[in-house]
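# Coordinate inspection notes
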Amino acid sequence: MKPSGVQRKIWIDGALVPWDEAGVHLLSHSHQRGSLVFDYLSVHETPKGTAIFRVDEHVERFRTSCVLVGLPLEASADAIRAAVLAAVRANPGACVAKICAYLPSVEVDVVPVDDHVALAVAAYDPTADIQARKPGALPFRKTVRLHIERETRNRRSDIIPPQAKVAANYVSPMVAKWRARRKGYDEIVLLDEEGDLAEGPTTNLFLVDDAGCVCTPPEARVLLGITRRSILELARAEGFAVREAPLAVETLESAAEVFLTGTTAGVWPVESVDGKPVAAQVPGPVTRALSERFRRVVAGADPTFAHWLTPVSEAGGRD
Ligand code: PMP
C-alpha cells in the first residue's frame, strides 16, 4: 500500500496500529459481504478540554446495530467506551471518531467459520486527514440543494432495518445519491416503503410547517440519529412544538423551512427541493435558532446540556 502520510493511529483489538497498516484482507468477510457495523461520533474542543458528544448513546446504538445484524461482538459497552476515549486521546486534533465491528476472517460462505468480531476505533480529522488529500473532493456547501429520490423498490425495512448502521445499508443510497450528484444536487432524501419521507443517506430530515411546528419522520422509519434526538430535545427546550409522524412528500414541498441533521452536517439548512427554493431566506428563523443552540451545546457553552459532552482527559473518562 502506498504510504498516505497520515500520522494517526487506529485502535484495533487493544493495539494502536499506524493508519497505513490498519488493513484487512481483500477477501475478508466484512469487505466481501458488507457486514461491517460502525458508528460515527463527533469530538469537540471545549473549555473542559477535548470532549466527545453523547458517547454513551453512540455506543448503545453501535451495540444495537451489531445485534440487528447478528454480529457476535464480545466487547461490553464500558470496553467500547474506553476504546473510544483511548483512540481520541492517542490522536490529538481529531474531530470525529469511527467505531467499527467487523469480521476480518477470509471466508467462503456468508456464515463465517471464524466468527471473531474485531473492534476498531479511528479518531481523525476528516478534512485534513482525508479530504484535503483528494484533489477531487467537493467543498462543503453551507446550504443544501436537495433532491427527492422517489424510487421505493429498495426501501425494504424487512431486509435490514434502517436502525442498523451496517455497511450494506449504504449501497442503495449511494446509487441514488451518485445519480443526483450528476444532476447537480448536493444531497437526497429517500422515501420509506410506504412512499413517505424518510431520511438522507447519512442525515435525518426535519421540516418546519406553516404553524412553526418542528416535524420529523418517526423512529420506526429511520436511523435513530443522535443529532436528530438532540435537536428534538433542543427544540422542546426552545419552546417549539415538535411532531414525530409520517410525512407525505407534499409536506416537504410546502414546508416553511427544511433542514438535515447528522454528526458531520450538524444542522444543515436546505435551500431548495428539486430545484424549487424553500423560502426567500435560508436558514429560516427556527433552523437558525436550533443550529445556534446546537453549536453552543457542542462547544461546551450551554450548561443545561453539558452532560452530553464527555471529556477525554483521564479525570473525565470512566476507564
Ligand atoms: N441516517 C443515516 C442513514 C445515517 O447514516 C446517519 C449518520 N449516522 C444519520 C441518519 C444521522 O445520524 P447522527 O445524527 O447520529 O449522525
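Our subject is the structure that appears above.
On a predicted model such as this, the values are computed, not experimentally measured, just so you know.

Conventions adopted
Residues numbered from 1 in each chain as written. Predicted model: local features only at pLDDT ≥ 70, side-chain atom pairs only at ≥ 80, totals over all residues. Heavy atoms only, no water. Near = heavy atom within 4 Å. Polar contact = N/O pair within 3.5 Å; in protein donor to acceptor, adjacent residues only side chain to side chain. Areas by Shrake-Rupley, 256 points an atom, 1.4 Å probe, with all protein chains shown as cover. Helix = DSSP H or I, 4+ residues; strand = E, 2+ residues; numbered from the N terminus. Contact = heavy atoms within 4.5 Å. Buried < 20%, exposed > 50% of the residue type's maximum accessible area, 1.4 Å probe, protein only. Phe/Tyr/Trp six-rings, centres within 6.5 Å; stacked < 30°, edge-to-face > 60°. Lys NZ or Arg CZ within 6 Å of the ring centre and 35° of its normal.

What follows concerns the site of the ligand. Among the 16 residues in the neighbourhood of the ligand, the closest are listed as Lys165, Tyr170, Glu199, Thr227 and Thr263. Side-chain polar atom of Tyr170 to an oxygen atom of the ligand: 2.5 Å apart, as the coordinates give it. In this structure, a nitrogen atom belonging to the ligand sits 2.7 Å away from a side-chain N or O atom of Glu199. Calculation on the ligand without its partners gives an accessible area of 390 Å², and the protein chains cover 95% of this total. Of all the elements in the fold, those that place two or more residues in the shell around the ligand are helix H6 (226–237) and strand E12 (257–262).

To continue, consider the environment of Ala168. By secondary structure assignment, the location of Ala168 is in the loop between strand E7 (144–149) and helix H5 (171–182). The spatial distance from the C-alpha of Ala168 to the C-alpha of Leu36 is 7.9 Å, given a sequence separation of 132 residues. What Ala168 contacts, discounting residues up to four positions off in sequence, is Gly34 and Ile160.

On the secondary structure map, Asp129 appears in helix H4 (residues 126–130). Of the residues examined, Asp129 reaches a relative accessible area of 10% and is grouped as buried. Within polar-contact distance, the side chain of Asp129 engages the side chain of Arg8 at 2.4 Å. Apart from residues lying up to four places away in sequence, Asp129 is in contact with Val6, Arg8 and Tyr124.

Another aspect to go through is the packing of aromatic side chains. For any pair of aromatic rings, geometry is given as the distance between the ring centres together with the angle between the planes. Applying the stated criterion across every chain, the model contains 7 aromatic pairs. Here Phe140 and Trp268 contribute two aromatic rings whose centre-to-centre distance is 5.2 Å and whose plane-to-plane angle is 15°, an arrangement assigned as stacked. Of this pair, Phe140 sits in the loop between H4 and E7 while Trp268 is found in strand E13 (residues 266–273), placing the two residues 128 residues apart along the sequence. A relative accessible area of 10% places Trp268 in the buried class. Relative to Trp308, the ring of Phe305 lies with its centre 4.5 Å away and its plane at 40°, an arrangement referred to as tilted. Of the two residues, Phe305 and Trp308, neither departs from the other in class, the shared state being buried. Directly above the ring of Trp308 sits Arg54, whose terminal nitrogen or CZ lies 4.0 Å from the centroid. Over the ring of Phe38 we find Lys98, and its NZ or CZ is 4.9 Å from the ring centre.

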